[in-house]
Amino acid sequence: MFQTSVLASGSKGNCILVRSDSAKILIDAGLSGIKIWNAMDSLGLIKEKVDCLFISHDHSDHVKGAGIVARKLMIPIYITEETYLRSENKLGDVDKNLKHFEVGDSIIINDLVVETFPSSHDAVDSCNFIVRQVDNDKAKLAICTDLGYSTRVTLNRIAGCTSIIIESNHDEMMLHNGPYPWDLKQRIRSNKGHLSNKQAVGVINSILHGDLRNVILAHLSEENNTPELAEKTTRDYLESVRFQGNLYIAEQYNPLPLIDI
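Residues numbered from 1 in each chain as written. Predicted model: local features only at pLDDT ≥ 70, side-chain atom pairs only at ≥ 80, totals over all residues. Heavy atoms only, no water.

**A word on the sheet that holds strand 9 (residues 127-133)**
Line of reasoning, step 1. Pairing is mixed in the open sheet, where seven strands are placed in the order 7-8-9-10-11-12-13. Edge strands, defined here as strands with exactly one partner in the open sheet, are strand 7 (106-109) and strand 13 (246-249). Averaged over neighbouring strand pairs, the angle between their axes works out to 20° when direction is ignored.
Line of reasoning, step 2. Of the strands in this sheet, strand 11 (163-167) and strand 12 (214-218) are in contact with helix 8 (residues 197-207), which crosses strand 11 at around 155°.
Line of reasoning, step 3. In the packing of helix 9 (residues 227-240) onto the sheet, the strands contacted are strand 12 and strand 13, and the crossing angle to strand 13 comes to about 165°. (Pairing = 2+ DSSP bridges. Helix = DSSP H or I, 4+ residues; strand = E, 2+ residues; numbered from the N terminus. Axes fitted to C-alpha atoms, helices over the stretch in contact; angles between N-to-C directions. Contact = heavy atoms within 4.5 Å.)

Written out as structure tokens, the structure reads:
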């Protein structure tokens, strides 16, 4: 067994679950513990069996509920030292639960290997992840959200993954014509901001291979995107290349089903 679910994704909070035969990990906890428990309950998952929590960066929509989750489940938080220093006031008392890593490290959790690599985002030590099983090179999950553009490092690291959770944050015209102030629009579409629907397709195009099974669009903006627009942009491309796998759209308020990686 090697599965994932996006429990919640968007500017109001992000949380991803990955599980195997002997490990269950969360990546980010940017919403309340109650909402995370409810999402897990709806999938038939037992929260007390979570082994640890990884934090990608210090923005509230990724770290807001991390302290509560760690204390309630008595599990370690894997976080870079700089991210912790910038998140300390949001986390509360988690000193006994801290496990520091450096971006670029690989961490083994039972039978899972979590590889970290840098993402281009306006947060110190912002990182993305590859998750694989110790003795299984035939299935790998890439988690690539909160990145302003796909660096060569990003593309090299996610090449060959069989499932990818990729940011598809905004539609370019909706952002341009939307209500956000100009400086925020500039931040979102900068190299330290968020990927647009078209940029997400560009990433998929760069790493597409015959064993890619699942494309999961995540971190959609409620103000500058719609699930329909994000899905159409990606599906039109995937159909043009006769992609035989699955396309999922992660939601802010409802978890995705468990997906075989």
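**A few points about unusual backbone geometry**
Line of reasoning, step 1. In this structure, Asp28 takes a positive phi of about 70° despite not being glycine.
Line of reasoning, step 2. Along the chain, Asp28 falls in the loop between strand 3 (24-27) and helix 1 (33-42).
Line of reasoning, step 3. Residue classification places Asp28 among the buried residues on the basis of a relative accessible area of 5%.
Line of reasoning, step 4. One non-glycine residue, Asp125, lies in the positive phi region at around 65°.
Line of reasoning, step 5. For Asp125, a relative accessible area of 30% translates into the label partly exposed. (Buried < 20%, exposed > 50% of the residue type's maximum accessible area, 1.4 Å probe, protein only.)

**Topic: the packing of helix 1 against helix 3 (residues 66-73)**
The description of two helices packed together rests on the angle between their axes and the distance between the axes.
Line of reasoning, step 1. Running from N to C, helix 1 and helix 3 cross one another at 65°; their axes reach a closest spacing of 9 Å. Counted together, Gly33, Ile36 and Trp37 of helix 1 and Ile68, Val69, Lys72 and Leu73 of helix 3 form the full contact between these two elements.
Line of reasoning, step 2. When the residues that make up the contact of helix 1 with helix 3 are grouped by side-chain class, the tally is five nonpolar, one polar and one charged. (Nonpolar A, V, L, I, M, F, W, Y, C, P; charged D, E, K, R; others polar.)

**Some details on the pairing of strand 3**
Line of reasoning, step 1. Both faces of strand 3 are covered, namely the face carrying Lys24 and Leu26 and the face carrying Ile25 and Ile27.
Line of reasoning, step 2. Two elements, strand 2 (residues 15-20) and strand 3, share four bridges in a ladder whose sense is antiparallel. Bridging across to strand 3, Val18 finds its partner in Ile25.
Line of reasoning, step 3. With antiparallel pairing between neighbouring strands as the criterion, strand 2 and strand 3 make up a hairpin whose turn holds three residues.
Line of reasoning, step 4. Here strand 3 runs beside strand 4 (residues 52-54); their pairing, made up of three bridges, is parallel. The residue of strand 4 that forms the bridge with Leu26 is Leu53.
Line of reasoning, step 5. The handedness of the strand 3 to strand 4 crossover, carried by helix 1, is right-handed. (Right-handed = clockwise from strand over helix to strand, strands pointing away.)

**Considering the pattern of salt bridges**
Line of reasoning, step 1. The final tally for this structure, using the stated rule, is eight salt bridges.
Line of reasoning, step 2. In this structure, Arg132 and Glu115 form a salt bridge, with 2.7 Å as the shortest nitrogen-oxygen distance. Taken together, the residues span a long stretch of sequence, with Arg132 in strand 9 and Glu115 in strand 8 (residues 112-118) at a distance of 17 residues.
Line of reasoning, step 3. The exposure class assigned to Glu115 is buried, which follows from its relative accessible area of 13%.
Line of reasoning, step 4. Taking the shortest distance from any N to any O, the salt bridge between Asp236 and Lys232 comes out at 2.8 Å. (Salt bridge = Lys/Arg side-chain N within 4 Å of Asp/Glu carboxyl O.)

**A few points about the sheet that holds strand 14 (residues 259-260)**
Line of reasoning, step 1. The strand order across the open sheet formed by seven strands is 6-5-4-3-2-1-14, and the pairing between neighbours is mixed. Either end of the sheet is taken by a strand with one partner, and the two such strands are strand 6 (98-100) and strand 14.
Line of reasoning, step 2. Bridge analysis of strand 1 (residues 2-8) against strand 14 gives two bridges, and the strand direction is antiparallel. When the sheet's bridge partners are listed, Gln3 is paired in strand 14 with Asp260.
Line of reasoning, step 3. Lying over the sheet, helix 4 (residues 81-91) contacts strand 5 (77-79) and strand 6, oriented at roughly 130° with respect to strand 5.

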